[in-house]
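Residue strings, one per chain:
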Amino acid sequence: MTGRRARRAFWSILLVACVVALAVAALRWDASFRDPTTIFWWWGVPLSGTLLATAFLVLPTSAQLALAAVVLTVGILEAGAWALNAWAAEPTVETWSDPEYYQAHSELGWAPKPGIRTRAWKRVAGEPVYDVEYSIDALGRRVTPGAATGSRSTFLLFFGGSVTFGEGVQDTETFPHFVAERAARVRAYNYGFHGYGPQQLLARLETQDLRTQVAEPNGSLVYLFIDTHVNRAIGSMVVYTGWADTAPYYRPGPDGALVRDGTLTTGRPLTAILYSILGRSQVLKRWKLDVPLAITDRHIDLTARILAASAQRFREQFGAGGRFVVVIYPGSQHAVRLGRALERHGVEFLDYSALFNHADPAYAIPNDWHPTAWAHRRLAEQLVTDLGLGGS
C-alpha cells in the first residue's frame, strides 16, 4: 500500500508540475511557440508528462502495467537506435555561405539578402563537393548572366526550390541561364531558392505584384517540381523540423477554397508540437522515416491545388494569355499521380521524369543530389524545344 501511495504521489507531483509549466508557456506564448526546439521544451516535454501522469493516475493497474511495458519498449528502441546512429555515423557534412545570405522574410519564411554575392561550398568527410558563387539581384532573385542582353521581348519566370536556383553550380550553369542562352527572345528571371516549395510561389504571387519586377509585358511562368515539394507543401515532420517552420501554410477552407493560415508553426499548433517531439526520435532518424509515413493522393491534390491557385494569380497579374507550366523533374516517383491531379485542376505540365537518369554522376553532383551543370543544360534544351522558344 505504501508503495502504491508513493507512486500516486510521484505522478500527482509530476502532473501538477507539468500543468504549471504549460500554463507558464501559454502566458509566454510568443516566446514559447517560435520554432521546433523551443516548442519541444516549452510544450512537448510538459504535455507528454501531463498525458503520462494522467494515464498512470486514472487507469486501472492492468492498464498501467501495459502502458509501462509500452513506454519501456519505446525507450529501449530509442536507446538502441541512438547507439546505432552513434556507431554508424554518416560522414560529416560541412557547408558555408555568407552569414547574411539567408534572411527572415515575413511572407515567404526566408529569402536571400537582396544584392548579396557570396561564395558557397560544401564538403563531405573533408572532401570538396562544390565551391561556387551565388549572385543575388536587388529583388532577391539569382542573377542570370546574359539574360539582359540582346532584344528580348518576352519573359520567363522560373520558380521552385534549390534545383531551380542552381545549388552547387555557378550563375552561368543554372537551368534559367541555359534557357536564356538558347532562347534569344526570352529574358529569364530566377525566383527559385533553397528549400522553397509551391507555397512560396503562391505566397509571392499573393503579396507581390510581379509586373513591377518584370520589364517585358508578356511571357510565361515555369515551376520546376521535384518530389519533396509535396512534403514541403504539407509541411511534413522532416521538412518542418529541418528548416521550414516559418514557411507559409495553406489548407482548404470551409468552402473548399485554399486559405493561407499563417505558417507551418502558427497555423497548426498541435501538429507543430507533435512534430517537435517526433523530430527527436532516434528510430525515425535511423531508418530515415518521415511523418506522414506515405504520400497520399490527398497530399498530391493539395500540391496541385496550390499550383492551380498560383496559375490563377499569375494570370490575374499578367493576363489570361500568360502560360503557366509545371515541369516535373527527372526521377519523380509522383509524376503520374501529380500529372492526373494537375489535369483535374487545369494546370499545364511537362513530364520529364524519364528525360534522364537523375542519379547518374553525369547529372547529379557526387555526394550531393543536386543537378550538375550538364543536367541543367539538358533540361533547358528540352524545355526550349517543348515551349517553342528557339530561334531569334
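Numbering of residues begins from 1 in every chain and follows the order in which that chain's sequence is written. Selection of residues for local features in this predicted model requires a pLDDT of at least 70, selection of side-chain atom pairs for listing and counting requires 80 or more, and totals for whole chains, interfaces and linings are taken over all residues. To obtain the side-chain values, all non-hydrogen atoms of the structure were included, while hydrogens and water were left out.

Draft legend 1. Structural detail: the overall build of the protein. Put simply, DSSP H or I for four residues or longer makes a helix, DSSP E for two residues or longer makes a strand, and each gets a number counted from the N terminus. The helix and strand tally for the protein stands at 14 helices and 12 strands. In terms of principal-axis extent, the alpha carbons of the protein reach across some 90 × 50 × 40 Å. Residue burial is assigned from relative accessible area. The probe radius is 1.4 Å, only protein chains are included, and a residue is buried under 20% of its type maximum, exposed over 50%, and partly exposed in between. A burial count over the protein gives 47% of its 392 residues as buried. Should any heavy atoms of two residues lie within 4.5 Å, those residues are counted as being in contact. A separation threshold of at least 6 residues defines the contact pool for the protein, and within that pool the share at least 24 residues apart is 71%. Positive and negative side-chain charges in the protein, numbering 37 and 34 respectively, have mean positions lying 6 Å apart. Positive charges are assigned to Lys and Arg, negative charges to Asp and Glu, while His and the chain termini are left out of the count. To locate a charge, the coordinates of NZ of Lys, CZ of Arg, CG of Asp or CD of Glu are taken.

Draft legend 2. The arrangement of the sheet that holds strand E8 (residues 219–225) in detail. When DSSP finds at least two bridges between two strands, those strands are taken to pair. Reading across from one edge, E7-E6-E8-E11-E12 is the order of the five strands in this open sheet, with parallel pairing throughout. In this open sheet, the two edge strands, each paired with only one partner strand, are strand E7 (186–190) and strand E12 (348–351). This sheet shows a mean twist of 25° between the axes of neighbouring strands, independent of strand direction. Bridge count for strand E6 (residues 154–159) against E7 is five bridges, and the pairing is parallel. Bridged to threonine 154 within E7 is valine 186. Every angle, taken between N-to-C directions, lies between 0 and 180 degrees, and every axis is a line fitted to C-alpha atoms, over only the stretch in contact when it is a helix.

Draft legend 3. A look at the pattern of salt bridges. Think of a salt bridge as a Lys or Arg side-chain nitrogen and an Asp or Glu carboxyl oxygen that are within 4 Å of each other. Following the criterion strictly, the structure yields 17 salt bridges and no others. Salt-bridge contacts for arginine 117 lead to glutamate 133; the nearest nitrogen and oxygen are separated by 2.7 Å. Of this pair, arginine 117 sits in strand E4 (residues 117–124) while glutamate 133 sits in strand E5 (residues 127–135), and the two are 16 residues apart along the sequence. Glutamate 133 sits in the partly exposed class, given a relative accessible area of 31%. Taking the shortest distance from any N to any O, the salt bridge between arginine 119 and aspartate 131 comes out at 2.6 Å.

Draft legend 4. Spotlight on the sheet that holds E5. Spatially, the three strands line up as an open sheet ordered E1-E4-E5, and their pairing is antiparallel. Of all strands in the sheet, those with a lone pairing partner are strand E1 (93–96) and E5, marking the two edges. Averaged over all neighbouring strand pairs, the angle between strand axes comes to 10°, with direction disregarded. By the bridge criterion, eight bridges tie E4 to E5 in an arrangement that is antiparallel. Of the residues in E5, the one forming a bridge with threonine 118 is tyrosine 134.

Draft legend 5. Spatial organisation of the packing of aromatic side chains. Pairing of aromatic rings covers Phe, Tyr and the six-membered ring of Trp, with a centre-to-centre limit of 6.5 Å; geometry is then stacked below 30 degrees between planes, edge-to-face above 60, and tilted otherwise. Applying the stated criterion across every chain, the model contains 23 aromatic pairs. Where phenylalanine 193 meets tyrosine 196, the ring centres are 5.6 Å apart and the plane angle is 70°; that geometry is what we call edge-to-face. By the burial criterion, phenylalanine 193 is buried, and tyrosine 196 matches it. The ring centre of phenylalanine 165 lies 4.7 Å from the NZ or CZ of arginine 142, which sits over that ring. For a ring to carry a charge above it, either NZ of a lysine or CZ of an arginine must fall within 6 Å of the ring centroid while also lying within 35 degrees of the normal to the ring plane.

Draft legend 6. Focus on the environment of threonine 265. Note that threonine 265 resides in the loop between strand E10 (258–263) and helix H10 (269–278). Those residues within four positions of threonine 265 in sequence are excluded, and the remaining contacts are Phe33, Arg34, Ile39, Tyr240, Asp245 and Ala272. Whenever two N or O atoms come within 3.5 Å, that pair is a polar contact, provided that in protein one can donate a hydrogen and the other can accept it, and provided that, for residues adjacent in sequence, both atoms are side-chain atoms. Here the side chain of threonine 265 touches aspartate 245 through a polar contact of 2.9 Å, landing on its backbone oxygen.

Draft legend 7. View of H10. When H10 is considered as a whole, its buried residues turn out to be Ala272, Ile273, Tyr275 and Ser276. The secondary structure elements touched by the buried residues of H10 are helix H3 (36–58) and helix H9 (237–242).

Draft legend 8. Representation of the environment of glutamate 100 within the structure. Structurally, glutamate 100 can be placed in the loop between E1 and strand E2 (102–105). As a C-alpha pair, glutamate 100 and phenylalanine 178 span 78 residues in sequence and 28 Å in three-dimensional space. Contacts of glutamate 100, omitting those with residues within four sequence positions, involve Lys113 and Ile116. Within the local environment of glutamate 100, its side chain forms a polar contact with the side chain of lysine 113, the two groups lying 2.5 Å apart.

Draft legend 9. Representation of a nonpolar patch on the surface in the model. Together, Leu84, Trp87, Trp287, Leu289 and Leu293 make up an exposed nonpolar region whose accessible area comes to about 630 Å². Note that leucine 293 resides in the loop between helix H11 (282–286) and helix H12 (297–318). A relative accessible area of 70% places leucine 293 in the exposed class. What makes a patch is a set of residues exposed beyond 30% relative accessible area and free of salt bridges, joined within 9 Å when like-charged and within 5 Å when nonpolar (Val, Leu, Ile, Met, Phe, Trp, Tyr). Each accessible area is a Shrake-Rupley estimate made with a 1.4 Å probe; only the visible protein chains count as cover when residues are assessed.

Draft legend 10. Fine view of unusual backbone geometry. Residue proline 292 is reached from valine 291 by a cis peptide bond, and omega for that bond is 5°. Among the structural elements, proline 292 can be located in the loop between H11 and H12. Phi is positive for lysine 288, which is not a glycine, with a value near 50°. Summarising the element assignment, lysine 288 is placed in the loop between H11 and H12.

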